[in-house]
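Breakdown of the fold
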Amino acid sequence: MSSSLAIGAHVDQTDPIAEAAARRAPLVQFFLGDPQGYKGPEIAYEGGADKLRADAEAAGVDLYVHAPYIINIATTNNRIRIPSRKLLQQHLDAAASIGAKGLIVHGGHVNKADDPEKGFDNWRKAIEATEISIPLLIENTAGGENAMTRYLDRIGRVWDAISSAEGSDMVGFCLDTCHAHAGGNALETVVNDVRALTGRIDLVHCNDSRDAFDSGADRHANFGAGQIDADLLAAVVRDAGAPVVCETPGGAAEHAADFAWLRERL
Ligand SMILES: [Zn+2]
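The rules behind these values
Residues numbered from 1 in each chain as written. Predicted model: local features only at pLDDT ≥ 70, side-chain atom pairs only at ≥ 80, totals over all residues. Heavy atoms only, no water. Core = buried A, V, L, I, M, F, W, Y, C linked by side-chain atoms within 4.5 Å. Buried < 20%, exposed > 50% of the residue type's maximum accessible area, 1.4 Å probe, protein only. Helix = DSSP H or I, 4+ residues; strand = E, 2+ residues; numbered from the N terminus. Contact = heavy atoms within 4.5 Å. Donors = N, O, S within 2.8 Å, 3.2 Å for Na, K, Ca; no water. Tetrahedral: all angles 85-135°; square planar, octahedral: opposite > 155°, others 65-115°. Lys, Arg positive; Asp, Glu negative; His and termini not counted. Salt bridge = Lys/Arg side-chain N within 4 Å of Asp/Glu carboxyl O. Phe/Tyr/Trp six-rings, centres within 6.5 Å; stacked < 30°, edge-to-face > 60°. Pairing = 2+ DSSP bridges. Right-handed = clockwise from strand over helix to strand, strands pointing away.

1. Some points on the nonpolar core
- Of all hydrophobic cores here, the largest spans 73 residues; its most connected members are W123 and L262.
- Looking at which element gives the most residues to this core, the answer is helix α8 (residues 230-240), with six residues.
- Ignoring any residue separated from it by four or fewer positions in sequence, one finds L262 in contact with I7, C206, F223, A234, V237 and V244.
- By size, the runner-up hydrophobic cluster in this structure holds seven residues, among which are L27, Y64, I104 and V245.

What follows is the structure, encoded as structure tokens:
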């Protein structure tokens, strides 16, 4: 059963269909435009959004879009939160236009001195204010002083807050194994722990971690090259039972090696 899990990778956005073919992957994730900029999404694919959607369908490739890293929905800083909401809406719309199965966004954080309650409430407001036409997958993060989705209790609080918002049925969860480990959450129980809070895991970002448990560092490693126990990494993927995106270093050859490593252990 587990061998049927769909495994793909984060790839360059210019030609995601060719990237999928080079990896024999049934799914790929990519950015739409600059992951570090406030400029709106761009479709780099030759032929544009409609062509990408049609070509992905014809090739049988599922597309996932990762939102820019700079989006911080939770922050109390208006000058970041307001453009973040705008960017989130723009990326949801752009991702929908290419037929993406989901848009992945980090949980964000409030400032060190802020009450985290404000962050939870900002998430609720954002969900209410956003038109969510494809699944919006909130991802756990590795670090941050006052992060929304590093530790389990906070993930639970975000979920409690958004559950009352209209549109929350379109909000799902993306579990990143590197972030969970480096963020200080036991991989032995994280799948059940997260499910108990969110009711769902829609996507797994499978990454080994260059850094130690609870280090707070977000540095991905190829499988077997980091500090996560091999069997534990495979067990998380198996137990989550969701499509897998490897955000590991390298290109098609390294990713194919990571897929094989993982499949051997599932
Ligand atoms: Zn990730």
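Now that the structure has been shown, the text picks up again.
2. A word on the coordination of the zinc ion
- Coordination of the zinc ion by the protein comes from E139 (OE), D176 (OD), H205 (ND1) and E247 (OE), over a distance range of 2.1 to 2.2 Å.
- In this structure, the zinc ion is surrounded by four donor atoms whose angles at the metal cover 85 to 171 degrees, and the resulting shape is irregular.
- Sequence spacing of the donor residues for the zinc ion, all on one chain, is E-x36-D-x28-H-x41-E. Here E139, found in strand β5 (residues 136-139), pairs with D176, found in strand β6 (residues 171-176); they are 37 residues apart in sequence, far enough to count as distant. Pair check on accessibility: E139 and D176 agree, each one buried.

3. Thoughts on unusual backbone geometry
- The phi angle at R24 is positive, at roughly 50 degrees, despite the residue not being glycine.
- Turning to its location among the elements, R24 is positioned in the loop between α1 (16-23) and β2 (27-30).
- By relative accessible area, R24 is classed as exposed at 79%.
- Positive phi, close to 65 degrees, is recorded for D214, a residue that is not glycine.
- Relative to the assigned elements, D214 resides in the loop between β8 (208-209) and β9 (220-221).

4. Focus on the side chain of D258
- As for its position among the elements, D258 is in helix α9 (residues 252-265).
- Buried charge without a partner: D258 forms no salt bridge, and the closest opposite charge is R265, 8.8 Å away.
- If near-sequence neighbours (up to four positions away) are discounted, D258 is found in contact with N222, F223 and T248.

5. Observations concerning the packing of aromatic side chains
- Inspection of the entire model under this criterion finds three aromatic pairs.
- On the basis of an interplanar angle of 70 degrees and a centroid distance of 5.8 Å, the ring pair of W159 and F173 is categorised as edge-to-face. Of this pair, W159 sits in helix α5 (residues 152-162) while F173 sits in strand β6, and the two are 14 residues apart along the sequence.
- Judged by relative accessible area, W159 falls into the buried class, the value being 9%.
- By relative accessible area, which is 0% here, F173 ends up buried.

6. Looking at the pairing of strand β3 (residues 62-66)
- Of all five residues making up β3, four are buried, and the element is well covered by its neighbours.
- Where β2 lies against β3, four bridges are found, and the strand directions are parallel. In the strand pairing of β3, V28 is matched with L63.
- Once you follow β2 into helix α2 (residues 48-59) and on to β3, the crossover reads as right-handed.
- Between the parallel elements β3 and strand β4 (residues 102-106), the chain passes through helix α3 (residues 78-97) in a crossover that is right-handed.

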